[in-house]
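Summary of structural features
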Amino acid sequence: VLSHLGLGRNMIGNDGAFTLANSLAHFPQLTSLDLCGNRFSLPGLTAVSTALASCSELKHLKLTFLQIGAGGAKEVQRICERCTRLEHLDLRDNQLGDAGTEILASGFRHCTRLRRLNLHSNGIADRG
């Protein structure tokens, strides 16, 4: 049973993210997913976000260095709403800004187990 999947720092683009999304349904017991530093954009993130609904055991998610911006924050919010066991969320260096962090905040109410959240280097100011 696959519980940890590390795909960080590869060159996964949108096509690879779509393939990954199709595969995630086969791993409902996945607890850790690392996708940091890949090259997919919002369509790829949307596909992964939707697919993670089948991964109800997910506890650790690393989405660093993807430059997803405020638009991607909506997809992360959806992940938080679906993956309520999430304990560690790493979103470093994603250009979320104030708008993105405001979007994320509404999803965190579903993550009652969240213990570690990394928003380093996201251009967050007073409003965020």
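Everything here concerns the structure above.
Criteria and cut-off values
Residues numbered from 1 in each chain as written. Predicted model: local features only at pLDDT ≥ 70, side-chain atom pairs only at ≥ 80, totals over all residues. Heavy atoms only, no water. Helix = DSSP H or I, 4+ residues; strand = E, 2+ residues; numbered from the N terminus. Rg over C-alpha atoms; globule rule 2.2 N^0.38 Å. Expected span 1.5 Å × (residues − 1). Buried < 20%, exposed > 50% of the residue type's maximum accessible area, 1.4 Å probe, protein only.

Along the backbone of the chain there are 4 helices and 5 strands. Walking the chain from its N terminus toward its C terminus, one meets helices and strands in the order β-α-β-α-β-α-β-α-β. Computed over C-alpha atoms, the radius of gyration of the chain comes to 13 Å, within 12% of the 14 Å expected from 2.2 N^0.38 for 128 residues, which places it in the range of a compact globule. The principal-axis extents of the C-alpha atoms in the chain amount to approximately 45 × 30 × 20 Å.

Helix length check: helix H3 (residues 69–82) (14 residues) gives 20 Å between terminal C-alpha atoms against 20 Å at 1.5 Å per residue, within 8%. Gly 69, Gly 72, Ala 73, Glu 75, Val 76, Gln 77, Arg 78, Ile 79 and Cys 80 are the residues of H3 that are buried.

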